[in-house]
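Analysis of the macromolecular model
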Amino acid sequence: MSEETVAFDIENGIAWVRFNRPEKRNCMNPALNRRMMEVLDQLEFRDDVGVLVLSGEGNAWSAGMDLKEYFRETEAKGLGAVRKVQAEAYGWWRRLRWYRVPTIAMVNGWCFGGGYGPLFACDLAFAADEAQFALSEINWGILPGGGATKVVVDLLSMRDAMYHALTGELIDGRKAAAWKLVNESLPLEGLKARVTEVANTLLKKNPVALKATKDAIRRVAEMTYDNAEDYLVRAQEAANSFDNQARKEGIRQFIDEKSYKPGLGAYDK
Ligand code: ACO
């Protein structure tokens, strides 16, 4: 029987998704990465999900990649196997970065290395003061790959990113907030209530505007001012036309009224 590597509940519009290997400090093995993609797939377009929160069972958020199963055992199978597990891990992080609904990382405990991929993929991040973060790659002789280097360069100052990556030292939730790795840090006992409060704020907003806004924040970071200005005009216009009545009318006349065929001509305006 395979272990259930990901747990989730849906409650009042919020999907609470949890890394679920607490006995392994929620490190990400290939099975977890595959399962997480399936869960994200199942939840993304449900009408009863308006926000997704990612947290961990037990005292860890995620202890990064599974050094035994993701690295050692996979490397023993050759390069093809390595590329496959990388694609599975990076795939769900990418899926999360561009997820339909806003996402919140609720960092309840340990967060290491590969964990920075999903941490960054979440739009917002709230940590327990007690949480511990590190780019521990340097401690076992590799560089922070899988996007982790990019994450700290994007979020932290160059000096903090360099110090963090070169020393592998732990920082707690408070320092992670001071360094802007997360939005806020607060005592663990109040973490879920605060995340619920933020999620409820988001649930009151227009979902089309939320998706357009979260994508815009990520996209414009890599654009010149002029390109961003242009993109934002178009993104807003695309959002405006999301409920385009004309398009619905065209489908109605073809499917319901059978008064024209889109392959042969235009519908009646
Ligand atoms: N990969 C594989 N197994 C892990 C990992 C991991 N990343 N993290 C924890 N485990 C396993 C341990 O081997 C142990 O397994 P066992 O019970 O079969 O012996 C179990 O999880 C519990 O771990 P402990 O070390 O006993 O737990 P403890 O609470 O004492 O320590 C801590 C927690 C600090 C998180 C420690 O487990 C640790 O250092 N883990 C590795 C963190 C890390 O550096 N991750 C890699 C980052 S780099 C990258 O992701 C690319």
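Heads up: these notes are all about the structure in this document. Just so we're clear, the structure is a prediction, and the values are computed from it rather than from any experiment. (Residues numbered from 1 in each chain as written. Predicted model: local features only at pLDDT ≥ 70, side-chain atom pairs only at ≥ 80, totals over all residues. Heavy atoms only, no water.)

1. Describing the pairing of strand S7 (residues 124-128)
The buried count for S7 comes to 4 of 5 residues, which makes it a mostly enclosed element. Pairing analysis gives 4 bridges linking strand S5 (residues 103-107) to S7, with the strands arranged parallel. Bridge assignment links Ile104 to a residue of S7, and that residue is Leu124. The pairing of S7 with strand S10 (residues 184-186) spans 3 bridges and is parallel. Looking at the pairing, Ala127 lines up with Ser185 of S10. (Buried < 20%, exposed > 50% of the residue type's maximum accessible area, 1.4 Å probe, protein only. Helix = DSSP H or I, 4+ residues; strand = E, 2+ residues; numbered from the N terminus. Pairing = 2+ DSSP bridges.)

2. Examining the environment of Asn206
Following the sequence through the fold, Asn206 ends up in the loop between helix H8 (188-203) and helix H9 (207-220). For Asn206, a relative accessible area of 45% translates into the label partly exposed. When the C-alpha positions of Asn206 and Gly50 are compared, they lie 10.0 Å apart, and in sequence the two are 156 residues distant. Of note is the side chain of Asn206, whose polar atom sits 2.7 Å from the backbone nitrogen of Val208. A distance of 3.1 Å separates a polar atom in the side chain of Asn206 from the backbone nitrogen of Ala209. (Polar contact = N/O pair within 3.5 Å; in protein donor to acceptor, adjacent residues only side chain to side chain.)

3. Structural notes on the state of the cysteines
Under the counting rule described, the total for this entry stands at 0 disulfides. The structure places no disulfide on Cys27, whose sulfur is separated from the nearest cysteine sulfur, that of Cys111, by 13 Å. Cysteine Cys122 is unpaired, with the sulfur of Cys111 as its nearest cysteine sulfur at 10 Å. On the accessibility criterion, Cys122 (4% relative accessible area) is buried. (Disulfide = S-S within 2.5 Å.)

4. Section: the nonpolar core
In terms of nonpolar packing, the biggest core is built from 63 residues, with Leu52, Leu54, Leu119 and Phe133 touching the most fellow members. Among all residues touching Leu119, those that are not within four sequence positions of it are Trp61, Ala105, Val107, Cys111, Ala125, Phe133, Leu181 and Val182. (Core = buried A, V, L, I, M, F, W, Y, C linked by side-chain atoms within 4.5 Å. Contact = heavy atoms within 4.5 Å.)

5. Digging into the pattern of salt bridges
If you walk through the whole model with that rule in mind, you get 23 salt bridges. Among the salt bridges present, the one from Lys150 reaches Asp154, with a minimum N-O distance of 3.1 Å. Separated by 4 residues within a single helix, Lys150 and Asp154 lie in helix H5 (residues 148-155), roughly one turn from each other. Residue classification places Lys150 among the partly exposed positions, given a relative accessible area of 46%. Classification of Asp154 as partly exposed rests on a relative accessible area of 39%. Between Glu249 and Arg252 there is a salt bridge whose closest N-O contact spans 2.8 Å. Within this pair, Glu249 and its partner Arg252 are both found in helix H11 (residues 245-257), separated by 3 residues, close to a single helical turn. For Glu249, a relative accessible area of 26% corresponds to the partly exposed category. (Salt bridge = Lys/Arg side-chain N within 4 Å of Asp/Glu carboxyl O.)

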